[in-house]
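Coordinate inspection notes
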Amino acid sequence: MGKGGRKVKLKAINVTKVFEEGNRRVMALQDFSLEVRENEFTVIVGPSGCGKSTFLYLVAGFEKPTKGEIFLDGKLITKPGPDRGFVFQEPTLYPWKTVLGNIMFGLEITGVPKEEAKKRAMRLIKMVGLKGFENAYPHTLSGGMKQRVGIARALAYDPEILLMDEPFGALDAQTRKVMQRELTRIWEQTKKTVLFVTHSVIEAVYLADTIVVMTARPGRIKGIIEVNLPRPRSYTDEKYLAIREKVLNLLEEEVTKSLELQRKL
Amino acid sequence: MNLNPKVLRWLRFLSPLTVCLAVWEVLTFFNILNPRLVSSPSYIMLRMYDLTVLNPTLLVYLYRSLYRLALGYGLGALLGISFGILMGMNRYVHWIASPILSLLISIPTIAWVPLFLYLVGIGDETVILAIFLGCFFAVVYNTMNGIRSIKKELIWASKTMGADSETIFFQVMFPGALVSIITGLRLAVGYSWRALVGAEMLASGISGGIGRMIYAARSLNDVNTMFTGLVIIALGGLLIDHLILGLLEKITIEKWGMVRRRE
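Summarised in this report is the structure supplied together with it. (Residues numbered from 1 in each chain as written. Chains lettered and ligands numbered in written order. Predicted model: local features only at pLDDT ≥ 70, side-chain atom pairs only at ≥ 80, totals over all residues. Heavy atoms only, no water.)

Observations regarding the interface of chain B and chain A
On the side of chain A, 24 residues touch chain B, which itself brings 20 residues to the contact. Interface area for chain B against chain A, summed over the two sides, is near 2,000 Å², with a carbon-plus-sulfur share of 71%. Of all residues in chain B, Trp 156, Thr 160 and Met 161 of chain B bury the most surface against chain A, accounting for 37% of the area lost on that side. At the boundary of chain B and chain A, one finds zero salt bridges. Between chain B and chain A we count five residue pairs in polar contact (both at pLDDT 80 or more) in total. Of all the secondary-structure elements, those providing two or more residues to the side of chain B that touches chain A are α7 (152-160) and α8 (165-202) of chain B. Of all the elements, α7 of chain B adds the most residues to the side of chain B that touches chain A, at seven residues. Residue composition of the side of chain B that touches chain A, by class: nine nonpolar, seven polar and four charged. (Contact = heavy atoms within 4.5 Å. Buried area = accessible area lost by both parts, 1.4 Å probe. Salt bridge = Lys/Arg side-chain N within 4 Å of Asp/Glu carboxyl O. Polar contact = N/O pair within 3.5 Å; in protein donor to acceptor, adjacent residues only side chain to side chain. Helix = DSSP H or I, 4+ residues; strand = E, 2+ residues; numbered from the N terminus. Nonpolar A, V, L, I, M, F, W, Y, C, P; charged D, E, K, R; others polar.)

Side note on α7 of chain B
For α7 of chain B, the tally of buried residues reaches seven of nine residues, placing the bulk of the element in the interior. Within α7 of chain B the residues assigned to the buried category are Glu 153, Leu 154, Ile 155, Trp 156, Ala 157, Ser 158 and Thr 160 of chain B. Each element contacted by the buried residues of α7 of chain B is listed here: α1 (52-60), β6 (84-87), α2 (99-109) and α4 (143-156) of chain A together with α8 of chain B. The positive-phi residue at the C-terminal boundary of α7 of chain B is Gly 162 of chain B, with phi of around 90 degrees. (Buried < 20%, exposed > 50% of the residue type's maximum accessible area, 1.4 Å probe, protein only.)

Below, the structure written as structure tokens:
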């Protein structure tokens, strides 16, 4: 049992990831350990290049850790699978499938009968606010709409955990705020376990139950901050601002370090 | 003036051609261009009438060419796509075949024809083989590139959904490579068409074919038939490219927004 009596859903133990390019070795993560509790919204923030996206890729099974292990519901992660849903930074929709087709794809793979799959996909389309666009092809949608489809697609086959890799990073500021509000609404409806990666502190404090602040490369945990604010949150609320300040202070040192690291390269 | 965009496109395509044809007609009409050396649009039209309605030689010849083209192109496309996919997906195959391919691709198809004539003799097979090669290289190369350039995130996304390799191939890799495959198929029409005419000309004694018709007309100093042959070749290539591949493109990659509509 983790803190607050909730079950631990995801557990990473001493995860190290080294990338080798030619004769250069880059240590992206070093002895990184983390617990994500069930039905919680966990956000990882860190300076760019700290390995936060790498960690998400390891959880998804796209990459393998050099050392250490990651468990989902006590099962060791070795490869990608439908117990995890993934939302990419760039919308990664299939251009040759309609909105409905993209969302139904995962259900078709898992062998859900067509009628049932369509019903479930339509329910999700409605939930992410895309009713009327089910037969549209992705190239006709805006960036924000594409990410809504991405979220619906990852939720469609009901994964145990939703992994989100800076999903709003490519959106303009206004759309980004709308999407943060929408994601909060969707999350409150589903109460899915979410692991969300961002470099935006504003976003992290708005969305998270738990914020994990990472150090500059190699990424380790700098601090963990619980956010016990009611949702939907206000970006100007005093308590919100106080937590934001706390996270920013933790990060500041690391951002400076990260900049120095980049300068050295 | 408000014109239907479709009509406008046709106008834009046809008007420069019309001007050229008119100038050409006038130049030959007033003997500025020697009509014994250069045909004229009206003579070409007359000759087309002769060779189709009065005596269907042209149709018989064209049929022969199209038969060879269909076989050579069909085979080249089929094997080109299959082998291109294999090269794109398996790095060992790519590793072995890539240098060989880049060497062979620089040989103009027509240069193979004397060898084919020696190996398989004068007949349909030689021409078909030449067309096959012209098509195969263009298709194999583009298909391979198409497969290799698919974003890995698209494949990861399907793996996260639990897709097996068959699903990944048919629902992700193949449609993902389709832009390149169609580009290859379009290029291949041009190459095949050229290989066809060239091989037919080199294979003296072969029966039928547009290339043969032009070549035979030369020995009779029949300028009008030679020009008629050229016009047929130009129109044929254009029609195949536009009607068949243009349509294929419209119902797939253009609809999916993977290529911009061509104006």
